[in-house]
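Okay, here's what each chain looks like letter by letter:
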Amino acid sequence: ITIDIQAKQEGSLSILRASGSILKSPGFLKVYDDDTDQDHPKKQAEKLPELFENENLTFYRTVPQQHFTEPPPRYNEASLIRMLEENGIGRPSTYAPIVDTILTRGYVRLQEKKFFPTQLGRVVNDQLIRHFSEIVDAGFTARIEEKLDNIAENGIPWSSVVQEFYDPFQKDLEAAQSAMEKVDVSPKDSGEKCINCQGRILLRESRFGQYLCCENFPRCQFKISLDPQGKKIVHETTDEKCAKCNSPMAIKQGRRGRFLACTAYPKCRNIIGLDKDGNKIIRPDPIVTDKLCQKCKRPMLLRVGKRGPFLACSGFPKCRNIQKAPSE
């Protein structure tokens, strides 16, 4: 809720504004009301008293606050799907393939649960807007889907809908084939030298974010991840020693959170998971079973994951066969 308050003083009129929320229905707050929870609805916006239009208020104090203009928040999966729904684009069965397509083709990357456009995505978007502006439009997609619904309901013939779309599209396609310029999206030279082999360090981008790596990959495994602002992610070293090679362990950030990794990677691939409090997640060593893998006939190992025990082939990573653990 936003409240505008007229304040008159010495002949001048000022408008003061207060924004917050008024609880209309407690809902689950009847049984869960934890003020220490930062995700709690009360933490989202300040509570306001119940007021009425044209009500006379008594001045108590004024709290000035400075606000800076902020860009719109980046889309995440939920807000992107909500935008598609509001514009009449797609159906519930197509939302997941839409998200999967833009990720798989490398148009965007998912970082911190938000979508960030990649260099390839920006280039493709710019070219499509420049040469196919009528098609790359939310209204166009919604109109086409409405016509497809009418075709399915035998309202209009499909041939007329296809003809109406294809005639102008063919002209734009022929024009784009001659006018669209070639854009280089190859990795860029960062100007740095590899500390291992003195090769050039290239700036690359994947669906998981930007990173720096040696031009001699895979012969040279040097790699440094970058955060959304393009800064190097420096891994925090610890006093922990690797149980396999006695090298120092470093704290790294992965898709599933923070973890300890051996600094001798890729020669040593030992990793240890960390919980949200930074404590090591200790899992028991795998147990060799009498059961053989159906794919490669190697012994199956009984392992324990975050979802419980399971059977995994001892030939990992060449064989990635896993099975449910027996109930007993």
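Further up the page is the structure itself.
Worth saying up front: this structure is predicted, and the values here are computed from it rather than measured.

A. Region of the structure containing the overall build of the protein chain. In terms of helices and strands, the protein chain carries six helices and 16 strands. Relative to the 2.2 N^0.38 estimate, which gives 20 Å for 328 residues, the radius of gyration of the protein chain is 29 Å and therefore markedly larger than a compact globule would have. Projected onto the principal axes, the alpha-carbon positions of the protein chain cover approximately 85 × 65 × 55 Å. Evaluated residue by residue, the protein chain yields a buried proportion of 20% over its 328 residues. Of the roughly 25700 Å² that the protein chain leaves accessible, carbon and sulfur atoms contribute 51%. Of the side-chain charges in the protein chain, 51 are positive and 43 negative, and the distance between the mean point of each set is 11 Å.

B. Representation of the packing of helix H5 (residues 138-152) against helix H6 (residues 158-179) in the model. Orientation of H5 relative to H6, taken along the N-to-C sense of each, is 160°, at an axis distance of 10 Å. The pairing of H5 with H6 is recorded here as roughly antiparallel in orientation. When you trace H5 past H6, the crossing you get is left-handed. From H5, Phe 140, Lys 147 and Ile 151 reach across to H6, where they touch Trp 158, Val 161, Glu 164 and Phe 165. Its residues assigned to classes, the contact of H5 with H6 shows five nonpolar, no polar and two charged.

C. Region of interest: the sheet that holds strand E8 (residues 223-225). Pairing in this open sheet of four strands is antiparallel, and the strands run E5-E6-E7-E8 from one edge to the other. The sheet terminates laterally at strand E5 (188-193) and E8, the two strands that pair on one side only. For this sheet the average axis-to-axis angle between neighbouring strands, irrespective of direction, equals 30°. When E5 meets strand E6 (residues 200-206), the two strands line up antiparallel, connected through three bridges. Note on E6: the bridge partner recorded for Lys 188 is Leu 203.

Criteria and thresholds
- Residues numbered from 1 in each chain as written.
- Predicted model: local features only at pLDDT ≥ 70, side-chain atom pairs only at ≥ 80, totals over all residues.
- Heavy atoms only, no water.
- Helix = DSSP H or I, 4+ residues; strand = E, 2+ residues; numbered from the N terminus.
- Rg over C-alpha atoms; globule rule 2.2 N^0.38 Å.
- Buried < 20%, exposed > 50% of the residue type's maximum accessible area, 1.4 Å probe, protein only.
- Areas by Shrake-Rupley, 256 points an atom, 1.4 Å probe, with all protein chains shown as cover.
- Lys, Arg positive; Asp, Glu negative; His and termini not counted.
- Charge placed at Lys NZ, Arg CZ, Asp CG, Glu CD.
- Axes fitted to C-alpha atoms, helices over the stretch in contact; angles between N-to-C directions.
- Parallel < 35°, antiparallel > 145°, perpendicular 65-115°, else oblique.
- Left-handed = near helix turned anticlockwise from the far one by under 90°.
- Contact = heavy atoms within 4.5 Å.
- Nonpolar A, V, L, I, M, F, W, Y, C, P; charged D, E, K, R; others polar.
- Pairing = 2+ DSSP bridges.

No statement about biological role is implied by the geometric values presented.
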